[in-house]
Amino acid sequence: MQNSYTSRRAMVPPAPYDRWLIYLVLSLVAIGLLMVASASIVISDRELHQPFYFFYRQLFYLVLGTLLGSIVVQFKIELWEKISGALLVGAMLLLALVLLPGIGHSVNGSARWIGFGPISIQVSELAKCAVVIYMASYLVRRNQEIKNSLSGFLKPLGILAVIAILLLREPDFGATVVIMATALGMMFLANMQVRHFVLLLMGVLIALSVIAISAPYRLLRLTSFLNPWTNAFDSGYQLTQSLIAFGRGGWFGVGLGNSIQKLFYLPEAQSDFLFAVIAEELGLVGMLIVTGLFTLLVMRILYIGRKAQHLGRHFAGFLAYGFGLWIAIQFIVSIGVNCGILPTKGLTLPLVSYGGSSMLVNCIVIALLMRIDYENRGFS
């Protein structure tokens, strides 16, 4: 009996990709589609006369992203290492182009999009991906220099500074923070000396602090989030409405589709503040499920990176580490903003919140992670 069971198991070919990674991604995407539809149905019906406008667009970008991902997953990871420099230069050129009148599209006072017919691309999302790929390549090429010399991590700071300046011109402070934090995390995982890392971290924190208080609107966000109720109908409006949604949710929420805050009270309910709608409709249980799925997803990505490192595939390992850090930082900041723990920033929940560019780039990232895992299985 045991032998027949063992033989049946031996006949089943091993999965080419990490099943847990796929299950976690599909779970988050399904929750995202459901909650985007719920959060946007009323406002899209009133403003666009199409109740499922945002849902259909999100579904369109998901299908398009899946098609792009199915192409990306066919290419070997070493190809991305070879073209990492070109990708970074391309991203920097796009960041510069988006600032030119007539090319970049401005929404809510920020010029962050470049349009290609009916499709608009938020360039900062492409820049995040390009920076992670370039940093993974740099950490492999300059690994000994990073471990032993201060100049090893000062060199990429010049490139990151240029990218930060371009992003702040849009302005997009949130993307700047995510990119800088991800790059710092990747350098730390490359076994750089602790004293060098501390000096670099302090320098970056001081620079970001100066940038944050240099612009009046950013300073207002920093001060208003500490006590949003003092300006509940002005600078603290978005956060107070988000906190009301959390308060209404309780343990199990008011029920799917029954949110009050999404009815023209909470701005950007389908994108930047979708987690607040999740809190209101699904309660603490729903919040814990989403947070738990993200935590497991990041852990799985880091596991894939660690396995690649053990197999001597250092670029693939650093690439997976970078993507894992990026997703972790962005979902922590996004949830922190919704909860009032962090100042208000325009960051979406990866794979969950409404956003075409975010969905497209996230699909590409997942495809690259699947390719890394696929190649790991071939090496082991």
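Remember, predicted model here, so these are calculated numbers, not experimental data.

S.K.: Break down the overall build of the protein for me, with residues and values.
M.R.: A tally of helices and strands in the protein yields 15 helices and 3 strands. With the C-alpha coordinates of the protein rotated into their principal frame, the extents come out at 60 × 60 × 40 Å. For the protein, the proportion of its 380 residues judged to be buried stands at 50%. Pairs at least 24 residues apart make up 71% of the contacts formed inside the protein by residues separated by at least 6 positions. Total accessible area on the protein stands at roughly 17,800 Å², and carbon and sulfur atoms take up 68% of it. For the protein, the distance from the average position of its 26 positive side-chain charges to the average position of its 16 negative side-chain charges is 10 Å.

S.K.: Before we move on, can you summarise the layout of surface pockets with the specific residues and values?
M.R.: There is about 430 Å³ of room inside the second largest pocket. Every residue lining the second largest pocket is counted, 21 residues in all, and those nearest its centre are F173, V177, L208, V333 and L342. Secondary structure elements with two or more residues in the lining of the second largest pocket: helix 9 (173-189), helix 10 (194-214), helix 11 (216-224) and helix 14 (314-339). In terms of residues, the lining of the second largest pocket owes the most to one element, helix 9, which gives 7 residues. When grouped by side-chain class, the residues that make up the lining of the second largest pocket number 17 nonpolar, 2 polar and 2 charged.

S.K.: I'd like a rundown of unusual backbone geometry, residues and numbers included.
M.R.: Cis rather than trans, the peptide bond between E170 and P171 has omega equal to 0 degrees. Among the structural elements, P171 can be located in the loop between helix 8 (151-169) and helix 9. Unlike most non-glycine residues, F264 shows phi in positive territory, near 75 degrees. You can see F264 is positioned in the loop between helix 12 (237-249) and helix 13 (274-310). One non-glycine residue, L351, adopts positive backbone phi at about 70 degrees. For L351, the position within the fold is in the loop between helix 14 and helix 15 (356-379).

S.K.: Give a detailed account of helix 12, specifying residues and quantitative values.
M.R.: With 13 residues, helix 12 extends 19 Å between its outermost C-alpha atoms, agreeing within 8% with the 18 Å of an ideal straight helix rising 1.5 Å per residue. Turning to helix 12, its buried residues number three or more, namely L239, T240, Q241, S242, A245, F246 and G249. Those residues of helix 12 that are buried lie in contact with helix 13 and helix 14. In the segment just after helix 12, G250 is the residue with positive phi, at about 60 degrees.

S.K.: Describe the packing of helix 6 (residues 123-141) against helix 14, with residues and values.
M.R.: The geometry of helix 6 relative to helix 14 is characterised by a closest axis approach of 8 Å and an angle of 145 degrees between their N-to-C directions. Like other packed secondary-structure pairs, helix 6 and helix 14 cross with a definite hand, here right-handed. The segment helix 6 lies against helix 14, with E125, K128, C129, V132, I133, A136, S137, L139 and V140 engaging H314, F315, F318, L319, G322, F323, W326 and Q330. By residue class, the composition of the contact of helix 6 with helix 14 is 11 nonpolar, 4 polar and 2 charged.

S.K.: If you had to explain the side chain of E125 to someone new, which residues and values would you point to?
M.R.: Positionally, E125 belongs in helix 6. What makes E125 buried here is its relative accessible area of 5%. There is a polar contact of 3.2 Å between the side chain of E125 and the side chain of K128. When sequence neighbours within four positions are dropped, the list of residues in contact with E125 reads W326, Q330, S357, S358 and V361.

S.K.: Explain the pattern of salt bridges residue by residue, including any values.
M.R.: Applying the stated criterion to the full structure yields 9 salt bridges. Of the charged contacts, one joins E280 and R248 as a salt bridge, the two residues approaching to 2.3 Å between their closest N and O atoms. Of this pair, E280 sits in helix 13 while R248 sits in helix 12, and the two are 32 residues apart along the sequence. Relative accessible area serves as the criterion here: at 0%, E280 is assigned to the buried category. When its relative accessible area of 35% is taken as the criterion, R248 is described as partly exposed.

S.K.: Explain the packing of helix 9 against helix 14 to me, and be specific about the residues and the numbers.
M.R.: Working note: a packed helix pair is described by the angle between its axes plus the distance between those axes. Packing of helix 9 against helix 14 leaves a shortest axis separation of 9 Å and a crossing angle of 140 degrees. Taken together, the axes of helix 9 and helix 14 lie oblique to each other. Handedness of the crossing formed by helix 9 with helix 14: right-handed. Note on element contacts: helix 14 touches helix 9 through F318, Y321, G322, L325, W326, I329 and Q330, opposite V178, A181, T182, G185, M186 and L189.

S.K.: Quick rundown of the nonpolar core? Include the residues and the values.
M.R.: Counting residues in hydrophobic clusters, the biggest one holds 109 residues, and the most contacted among them are L139, L319, F323, L369 and I372. If sequence neighbours within four positions are ignored, L319 has contacts with I77, V132, I133, A136 and I372.

S.K.: Now, about a nonpolar patch on the surface: what can you tell me, with residues and values included?
M.R.: On the surface, a cluster of nonpolar side chains totalling about 650 Å² of accessible area is made up of W251, F252, L284, V285, L288 and I289. Topologically, W251 is positioned in the loop between helix 12 and helix 13. A residue is classified by how much of its surface remains accessible, and W251, at 59% relative accessible area, is exposed.

How each quantity is defined
- Residues numbered from 1 in each chain as written.
- Predicted model: local features only at pLDDT ≥ 70, side-chain atom pairs only at ≥ 80, totals over all residues.
- Heavy atoms only, no water.
- Helix = DSSP H or I, 4+ residues; strand = E, 2+ residues; numbered from the N terminus.
- Buried < 20%, exposed > 50% of the residue type's maximum accessible area, 1.4 Å probe, protein only.
- Contact = heavy atoms within 4.5 Å.
- Areas by Shrake-Rupley, 256 points an atom, 1.4 Å probe, with all protein chains shown as cover.
- Lys, Arg positive; Asp, Glu negative; His and termini not counted.
- Charge placed at Lys NZ, Arg CZ, Asp CG, Glu CD.
- 1 Å grid on protein atoms, 1.4 Å probe; cavity = no way out; pocket = protein on both sides within 12 Å on 5 of 7 lines; lining within 4 Å.
- Points joined across faces, edges and corners; volume = space filled by probe spheres on them.
- Nonpolar A, V, L, I, M, F, W, Y, C, P; charged D, E, K, R; others polar.
- Expected span 1.5 Å × (residues − 1).
- Axes fitted to C-alpha atoms, helices over the stretch in contact; angles between N-to-C directions.
- Left-handed = near helix turned anticlockwise from the far one by under 90°.
- Polar contact = N/O pair within 3.5 Å; in protein donor to acceptor, adjacent residues only side chain to side chain.
- Salt bridge = Lys/Arg side-chain N within 4 Å of Asp/Glu carboxyl O.
- Parallel < 35°, antiparallel > 145°, perpendicular 65-115°, else oblique.
- Core = buried A, V, L, I, M, F, W, Y, C linked by side-chain atoms within 4.5 Å.
- Patch = residues over 30% accessible without salt bridge, like charges linked within 9 Å, V, L, I, M, F, W, Y side chains within 5 Å.

All quantities given are derived from atomic positions and should not be read as evidence of function.
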